[in-house]
Amino acid sequence: MFNFLHKKPKKSNDFALGKLGEDIACDYLVRKGYKIVSRNEKNLLGEIDIIAIKDDVLVFVEVKARETTDFGLPQEAITPLKQQKIRKSATYYLKKKGLYDKVACRYDCIAIVAKGSNFHIDHIENIF
């Protein structure tokens, strides 16, 4: 289990928190009836944390996990530049899979704040 007691994690622990956040997000989505299509989908233009489907809608999910909200909410880290990068990566994915203009899509964020061994999860649909 990841240690959430320290204030500012080292680089290696940032990765661990990110991985744990993605695991928590996937479990959350599955419990909500989503089917996970892909995780950490990388292409020439970037990476998409989670691709899932529910009710015939393909959902590109950005996961943001934080230990504290001292510097803002996790979802506030999805800047306009990050949004643009996610859109480009998603478009590349859709074209590569032959799904462009054939499936409804949206962009969600799962924001996670760790409080001790508990997690607050905020699922924001259509974040951008």
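Above this note sits the structure.
The structure reproduced in this document is the subject of the present report. Keep in mind that this is a model prediction, so the values were computed, not measured. (Residues numbered from 1 in each chain as written. Predicted model: local features only at pLDDT ≥ 70, side-chain atom pairs only at ≥ 80, totals over all residues. Heavy atoms only, no water.)

**Examining a nonpolar patch on the surface**
For step 1, the next point in the chain: A cluster of nonpolar side chains, namely Leu 44, Leu 45 and Tyr 92, defines an oily patch on the protein surface of about 310 Å² accessible area.
For step 2, the next point in the chain: Locating Leu 44 in the fold gives a position in the loop between strand 1 (35–43) and strand 2 (46–54). (Patch = residues over 30% accessible without salt bridge, like charges linked within 9 Å, V, L, I, M, F, W, Y side chains within 5 Å. Areas by Shrake-Rupley, 256 points an atom, 1.4 Å probe, with all protein chains shown as cover. Salt bridge = Lys/Arg side-chain N within 4 Å of Asp/Glu carboxyl O. Helix = DSSP H or I, 4+ residues; strand = E, 2+ residues; numbered from the N terminus.)

**Digging into the packing of aromatic side chains**
For step 1, the next point in the chain: Applying the stated criterion across every chain yields a total of three aromatic pairs.
For step 2, the next point in the chain: Where Tyr 107 meets Phe 128, the ring centres are 4.8 Å apart and the plane angle is 15 degrees; that geometry is what we call stacked. Of this pair, Tyr 107 sits in strand 4 (residues 104–115) while Phe 128 sits in the segment after strand 5 (118–124), and the two are 21 residues apart along the sequence.
For step 3, the next point in the chain: On the basis of relative accessible area, Tyr 107 is assigned to the buried category, the value being 15%.
For step 4, the next point in the chain: An aromatic cluster of at least three residues, connected via ring pairs, comprises Phe 60, Tyr 93, Tyr 107 and Phe 128.
For step 5, the next point in the chain: Sitting over the ring of Tyr 100, Lys 95 keeps its end group 5.0 Å from the ring centre. (Phe/Tyr/Trp six-rings, centres within 6.5 Å; stacked < 30°, edge-to-face > 60°. Buried < 20%, exposed > 50% of the residue type's maximum accessible area, 1.4 Å probe, protein only. Lys NZ or Arg CZ within 6 Å of the ring centre and 35° of its normal.)

**Thoughts on the nonpolar core**
For step 1, the next point in the chain: With 17 residues, the main nonpolar core has Ala 25, Leu 29, Ile 50, Val 61, Val 63, Ile 110 and Ile 112 as its most contacted residues.
For step 2, the next point in the chain: Every element with two or more residues in this core is listed here: helix 1 (11–31), strand 2, strand 3 (57–66) and strand 4.
For step 3, the next point in the chain: Counting residues per element, this core draws most heavily on helix 1, at seven residues.
For step 4, the next point in the chain: Beyond its immediate chain neighbours, meaning those up to four positions away, Ala 25 contacts Ile 50, Val 63, Ile 110 and Ile 112.
For step 5, the next point in the chain: Among the nonpolar cores identified, the runner-up in size contains nine residues, and Ile 48, Phe 60, Ala 90 and Tyr 107 belong to it. (Core = buried A, V, L, I, M, F, W, Y, C linked by side-chain atoms within 4.5 Å. Contact = heavy atoms within 4.5 Å.)

**Remarks on unusual backbone geometry**
For step 1, the next point in the chain: The phi angle at Asp 55 is positive, at roughly 55 degrees, despite the residue not being glycine.
For step 2, the next point in the chain: Assignment of secondary structure puts Asp 55 in the loop between strand 2 and strand 3.
For step 3, the next point in the chain: Under the relative-accessibility criterion, Asp 55 is labelled exposed at 65%.
For step 4, the next point in the chain: Phi is positive for Asp 56, which is not a glycine, with a value near 60 degrees.
For step 5, the next point in the chain: Of the residues examined, Asp 56 reaches a relative accessible area of 64% and is grouped as exposed.

**Considering the pairing of strand 5**
For step 1, the next point in the chain: When strand 4 meets strand 5, the two strands line up antiparallel, connected through seven bridges. Bridging across to strand 5, Ile 112 finds its partner in Ile 121.
For step 2, the next point in the chain: What sits between strand 4 and strand 5 in their antiparallel hairpin is a turn of two residues, with Gly 116 showing a positive phi close to 65 degrees. (Pairing = 2+ DSSP bridges.)

**Structural notes on the sheet that holds strand 2**
For step 1, the next point in the chain: Read from one edge of the open sheet, five strands run 1-2-3-4-5, paired in mixed fashion. This sheet does not close on itself; its edge strands, each paired only once, are strand 1 and strand 5. When strand polarity is set aside, the average angle formed by the axes of neighbouring strands in this sheet is 30 degrees.
For step 2, the next point in the chain: Two strands pair when backbone bridges link them, and strand 2 and strand 3 are joined in this way by five bridges, in the antiparallel orientation. Pairing of Lys 54 across the sheet is with Val 57, part of strand 3.
For step 3, the next point in the chain: Across the sheet, helix 2 (residues 80–96) touches strand 1, strand 2, strand 3 and strand 4, and the angle it forms with strand 3 is around 145 degrees. (Axes fitted to C-alpha atoms, helices over the stretch in contact; angles between N-to-C directions.)

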